[in-house]
Structures are given as structure tokens and as C-alpha cells.
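For reference, the chains in residue letters:
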Amino acid sequence: MTRVAVLKGGRSLEREVSLRSGARVEDALERLGHEVVAVDVGGDLVERLRAERPDVAFVALHGRDGEDGTVQELLELLDVPYTGSGVSACIRCMDKVLAKHLMRDRGIPTPDFYAFNETAFKELGAAGALPEIEERLDFPIVVKPAAQGSALGIKFARTPADVPTALVAAFSYDRKVLLERHVRGRDLAVSVVDLEEGPVALPVVEAVPREEDFYDFEARYEIGRSEFVCPARLEDDVAAEAQRLAREVYELFGCHGFARVDLMLEEGGGGLFVLEANAIPGLTETSLLPQAADAHGLGFDALVGRLVALALARAGARA
Amino acid sequence: MTIDDRRPRSTSRDLERYASLFAERTKVMKSSAMRDLMALTERDEVISLAGGLPDTSTFPPDSYAQLMQQVAAESCARALQYGPTEGLESLKRCIVEVMAAERMPGIDGDDVLVTTGGQQVIDLVCKTLIDPGDVVVAEAPTYPGAVPTFCAYQADVVQVAMDRDGMRVDELEETLDRLEREGRRPKFIYTVPTFQNPAGVTMSLPRRERLVRIAAARELLVLEDNPYGLLRYEGDPVPTLRALDGGEFVIYLGTFSKILSPGIRLGWAVAPRPVLAKMNLGKQSADLCSSPMTQHFVAAYFEADGRWEDYLRSLREIYRRRRDTMLDALAEHLPAQAEWTRPAGGLFVWATLPDYIDTTDLLARALQENVAFVPGRAAFLDGRGGSSLRLNFSGVCEDDIREGVRRIGKVVREQVGLYGTLTGAAGEAAAGEPAPAPPDEGLADVLRLPDAARRGARRRAE
């Protein structure tokens, strides 16, 4: 019997989702016959881990601290094997700006973008360059914080007058923000799981906005306002290409265990664009990765079991 | 900590299995982003100006012990038994006394229905009057806690703007005319006329008189929600709608939550008899009766002459100081572009920031500074309120109010300054400094709401 610490909750804005992911993982681990230690991550994390001495940690945290490499760094330090990506891959996924640069350098299609930190505006007069950005990206422009995992802080600027307001909102979440060309089309997500045969791209999930919300971009980011279709109804070659891109991103970022890659299929034959990768995708009842795994024939318990086995194998290989 | 003895939680397949059984009304869901943010406001280290809590720490523990002792000695068996749905006669006498203090003397106990908190009155009124799609007219902004109730009954909520004198009754009439032309008949008008939650404003006497006349002429019910009427810190009381109407078209909602304790879960409705009879049936099906234990507790509490009024006086004194502290802190720390209401009573101040600040995003930033408030959108059903926020001053000590407002001021000034930099408005950036003097009282008292027409236009500009 393996003693598994499930790390969940924490102080990030995605705390609630993380608690739901964690609870579900705990159930699966119990059904698999493991001993479960539930840890709501806080100031006593290091102390708890030292006291509980788990064989492995299942990281079910989302957003800041849990998904950006911070907790992973501590787990490395304490010699606790853990599920999912390592420190550097977490950093590459969490920082959307870094991620997009890496993808662009590799030739992976990602929407055009410009990114700035607060000092660029405060000390370097970056505001003066906004008209050029607006001209190059065309409206509407998507404005997002560089490091916010959920939809919080994502705004659509429809006119130049909206841009400063959208930037102020995005800076509420991070010191770095990006302005991105809006790709109009279909929202797709491809999860990648490391199975016996290596990283496998699971069936594509499509988020289909409800009809009345189709032109309300913000609504598309609200839970319960989209329906998810898995496998997405796509031409075979488009689905295959989305899966190929997801695997390529997974390997480029050096992910481990699992990840979810979000893409857009541009209307009018514009092709696929990768928006971002999530190092710790949601694991709730309604999250995309478990749905895709299900469609692939991989049940939730098997998925959780696989992630724990991978974590132990990685630690074993190092020892 | 092992938790082997827990029952497994639902799996996704379970969820699908149950989903087909859920009623249509459960599908009415609000954005979860704000709900998730609000969950973070409960962390210990956060100074939360978000709650709507009275300060129960001011109630003397020895009084509580003595009252419980008395209930045990005098009415143990009855306190542990079911009670009548409409409430105990002894409690109704206390309610009649409170209503007399609210300048509604001579209320007949038979017109009173004791409820489980004031919230149950809102639920029972909806249960009695609302079919899916029926219209409820509410203030804009409205009490955020009423929104889920209206939604659960699938009411179509139409909100009428307010200003410093409360609900704009002229706009109400226009709205009612429009609804009539569209063949939609509102069932009731929901209002918190005194020290409104969240806006803190009080409806003027002329508007109250006109509202009551409109209701009578159009044969519409008005639900007057009055939890704060006795928490007045200055000025003279204004007659309640119930007092002006005499009980023909007004359903009155009262509660012990703010004058004694929300933990005892006791409120009441005074309504026209046919309406009250239906609400009584609704209550029977909901919970049979409100807790006889706490009803006996309150009855014992009211026995000692003047005790409840003494406690109320002490609350008023504490809350008045907290309100003043908050108003002073707002004047000191918020930039000149911000406006806020100056409530003469109640628990809340409503502040409105420049419209380029989104207070839901601002809350995320404020939580990094360990301070919380309620974003204004929670008080609207149509997406308005984005640059407003509700601040509570009753549940937090004066030091925390000062520090909490200072932190909010810091993040607001930061955003005002950033916006100034982004738009090249140097004046705006400089204006990010705190206002040098308290805002003009006349101006500060104006309830400013975001310009709905302009926002709508921007949304459609796509």
C-alpha cells in the first residue's frame, strides 16, 4: 500500500476547483487501495510533509504556487516524488508569454501577441506603442494576465478605448500581461497522457458555446455556459493535426505524466493555433481531461493510478 | 490523517445519471468565477468587508446563559416540541412590540407569520406568487441574497434604478407601463426602502407615498424588506410602506437578525390575510415551524422591560462609530474619482469607482493585500454594477475598517494611476492621490450607477 499525500486547495484563485479535483483524486486513490493523506496546502506545507512522510505526493493544485513550479521545487527539496510535470515544465506552461515564445521559435502556430510588464507602461512609455499593436493585431484583441490559469482577468477589447480598461483588469492578476490576436473559431482542447506506449494525445474535446452566448466572448469563459463535445466533430485530418500539435507542445515544454493543450481552429480555413498548455489540468467531474480519458477508454481510477506509478518510476530512475 | 471511512463521492457517471433528474430551475447558474473568489474572502488573514454580519460578539454571554437557563427551567418540553406553523403567541407579542417601535402600533398577532429568518419570507412570497417567467420588480442594485431566490423560482427580474432618495418611482411607473404594453404583469415589487442593502440609501417620504399609491392603483403587491429600520444613527425615522398603506398591498418583512442575532434564525411576515394564509401553507411544506427553542429564547429575552432596546442602543452606538470610521477612511484613502453613499443607518456603504475599474478583477488584486468586499455585479442581474462595490462596517472592528479601507485605497489608486499612464492622462495619474478633503456631502450622498446604455452600446459594438 502506497501512502499518497493529495495536495489541494492552497491560496490561488482556483482554490475551489482544486478542492474538487483533490476530493475526486482521493476517492480514486482509496478505491485503488492506497493510503490517502489529504493536505490543504498552506503555511504548514513543509512541516506537514515532513511529519506525514508520504511515499508520493499527488499534486491536485491549480494556478499560482501549485502549477507554477513552486510546490514542485519544495517537493524536490524534500525528496518527495510527485505527480505531473517538474519545475521547469511547470514554469514553461504557467508563463503564457514564455510558452508562446517557445512555440513560435519552434514553428508551432500560436496567435500573434505582444507582452509587457507593468514597468514597461510605467517607466518606458509603452502606452505610446499601443496604436501600433492595435493595428497589427486587429480588433477584437484578447488581453490576458501572463500567469492566470483560469479565465479570470481575460478581456476582449473591441475598440482602442477598451484596451486600457482591459489592461488594468489583467494587471489585477499579474505583473505581466499579453495582448493577443483573437482567433475566431472553435475552442478545442487536447489532453496528453503518458501511457505505456509513451505520451498519447487523447480525443479532442470541443467547447461549444450556447447559442445565445455565441458572440459574447466573456460568456464562453464562464463555467456552465458552454457544452463540451468529446470527441469533437472534426475532419479526421484536423483532429489528427490537433493531436500532433498537442504532443509536440507536450514534448517541447518537457511535460511529465499529463497536460492539456488548448487550441483554436480558425474559421474560414485559418488552421489550428495553440493558445496555451496547462501542466495540471482540472480533474473535476466536468473537467476536460477526465472526459477525454473516458472517451479513450481510460477510466478515472486508471488515470490516477497511472500518474502515481509514473511519479514513483521517475523518482526510482533518479535514485 | 486517513479517511478510509468516508463514502465515495460522486463520479462523473453518477453526475450524468442524476443530471437528467434535476429540475429545470437548477440550471439557472450564476458565473462561478465570482463565487470562487468570494470563497477566498473567508481566509483568516483577510479583513473582510464583504460580509453582511452584525457583531454578535457584543451580546453578553451571561445573558445568553441566563436566557437558556430560563428556557430550560420554564419551557423545556415545549421548547423541544414542534410548534404552530404561524409561530408561538409569546413570540408574536415581541414582534408586535418591535413593530410598534418601528412606528407601526397595534399590529394584530393574527396577521403575523413567524419565519426562519427574513430570508424565508422572500422565499415564501416567491413560492406563493411566482410562476416561471413572472416578473418581479426590484431595485438596481438589489439585495444580493434575494437574487438566488428569485432565480430559483425562475422569476424574470426587472430592476429599477435608484438615486439618493431610493428607488426612482418615476422610472418604476415607466417600467410598469412598458410591462403592461408587453402584456407582462409583475406580481410584486421588492424593495429595501430603509438603509438599503447594498446601496445604503433610504427612500424619501414622497416616494414612499407615491409607491404605495401606485401599488394600490395597479393592484400590485410590494414586499417591504426592513431588517435595518431600527439601526438608525442619525435623522428622523421615515414611515414604513406598511404604515403608509395600512397593510392592503404591502407584505412586510421583519427580522430579529440585526437587532438581536441571526443565529436564532427568526424573522416574520405581516401580510394581507389571504396572502398570509398561502404563505403559511408554503411554510408548512418547507419546515412545519420555525425553531420553538429559539422562539422561547427570544420571548424570554423580551420579558425584561427595556432589555432589547438597551441592547439595540448599544449596537447603534457601536455601528455609528464604525460607520464614521469607514466614511473617514474612505475620504482619506480613496482617490477623488470615487464616490460613495453616506448611510444614515444600516450596515453598508456602496462605493462607485471610475468605470474603467472592474471590481471583480479588483477583488482578485485586493485579496493579494488580504482585504475583501462584494463586487457590485452581485447586486444586478443584468451585468451592471461592474465598477461598484459594497462595504460592510458592522461586522469588523474600527482598526480593521481603517486598515481594510487603506488597503482597498492602495489598490484602487494603483489602478487609477495605471489607467492614467495607459491613456496618457497625466492629470488622471496625479488624481490617483487621495482626495485632499472629504467629498462634498451632497455629492457623496448621490448613488451613482454605471451607465447601462453606454455599456450596452459597447457590448454591441463588436
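Owing to the predicted nature of the structure, the values given are computational and were not obtained by experimental measurement.

Residue and element names in this part refer to chain B. Judged from the 6 bridges that link them, strand 3 (residues 135-140) and strand 4 (residues 156-163) form a sheet pairing that is parallel. Paired with Ala140 across the strands is Ala161, a residue of strand 4. Regarding topology, helix 6 (residues 147-152) serves as the crossover connection from strand 3 to the parallel strand 4, and that connection is right-handed.

Turning our attention to the domain arrangement of chain A. Residue and element names in this part refer to chain A. Taken domain by domain, chain A holds domain 1 (3-83 + 311-318), domain 2 (92-108 + 183-297) and domain 3 (113-181). Between domain 1 and domain 3, the C-alpha centre-to-centre distance is 34 Å. Counting residues at the interface gives 6 residues for domain 1, matched by 4 residues for domain 3. Partitioning the side of domain 1 that touches domain 3 into residue classes produces 1 nonpolar, 2 polar and 3 charged.

This brings us to the environment of Phe58(A). Residues and elements named next belong to chain A. When you line up the elements, Phe58 lands in strand 3 (residues 56-59). Between the C-alpha atom of Phe58 and that of Arg244, which follows or precedes it by 186 residues, the distance is 27 Å. Once residues lying within four places of it in the same chain are set aside, the contact partners of Phe58 are Val4, Val6, Leu7, Val25, Thr83 and Val308.

Another point: unusual backbone geometry. In this structure, Pro140(A) follows Phe139(A) across a cis peptide bond, with omega equal to -5°. Checked against the element boundaries, Pro140(A) lands in the loop between helix 7 (130-137) and strand 5 (141-145). Look at the link from Cys230(A) to Pro231(A): it is a cis peptide, with omega at -5°. The topology assignment puts Pro231(A) in the loop between strand 11 (226-229) and helix 9 (236-253). Positive phi, normally seen in glycine, also occurs at Arg103(B), with a value near 65°. In this fold, Arg103(B) is placed in the loop between helix 4 (89-101) and strand 2 (112-115). Classification of Arg103(B) as partly exposed rests on a count of 13 C-beta atoms within 10 Å. Positive phi is not limited to glycine here, since Phe195(B) has a value of about 50°.

Residue and element names in this part refer to chain B. Each assigned domain of chain B is listed with its residue range as follows: domain 1 (27-52 + 311-460) and domain 2 (78-303). Contacts between the two partners involve 31 residues from domain 1, matched on the other side by 28 residues from domain 2. Only helix 12 (307-333) and strand 11 (348-352) provide two or more residues apiece to the side of domain 1 that touches domain 2. Considered class by class, the residues forming the side of domain 1 that touches domain 2 number 18 nonpolar, 6 polar and 7 charged.

All names here are of chain B. In this model, chain B carries an average pLDDT of 88, and 86% of its residues clear a pLDDT of 70 or more. Note on residues 426-446: pLDDT under 50 across the span, and 40 contacts to partners over four residues away in sequence or across chains. For the stretch residues 448-462, pLDDT sits under 50, and the model shows 20 contacts to residues farther than four places along the chain or on other chains. Listed scores for the predicted complex are pTM 0.87 and ipTM 0.87.

Residue and element names in this part refer to chain B. The antiparallel open sheet is built from 4 strands, whose spatial order is 10-11-14-13. The sheet is open, and its two borders are formed by strand 10 (339-340) and strand 13 (374-375), each paired with just one other strand. In terms of strand pairing, strand 11 meets strand 14 (residues 388-392) through 5 bridges, oriented antiparallel. Looking at strand 14, one finds that Val349 is bridged to Leu391.

Calculation rules
Residues numbered from 1 in each chain as written. Chains lettered and ligands numbered in written order. Predicted model: local features only at pLDDT ≥ 70, side-chain atom pairs only at ≥ 80, totals over all residues. Pairing = 2+ DSSP bridges. Helix = DSSP H or I, 4+ residues; strand = E, 2+ residues; numbered from the N terminus. Right-handed = clockwise from strand over helix to strand, strands pointing away. Domains from an automatic or database assignment. Contact = placed C-beta atoms within 7 Å. Nonpolar A, V, L, I, M, F, W, Y, C, P; charged D, E, K, R; others polar. Buried ≥ 20, exposed ≤ 12 C-beta atoms within 10 Å, placed from the backbone. pLDDT = per-residue confidence, 0-100.

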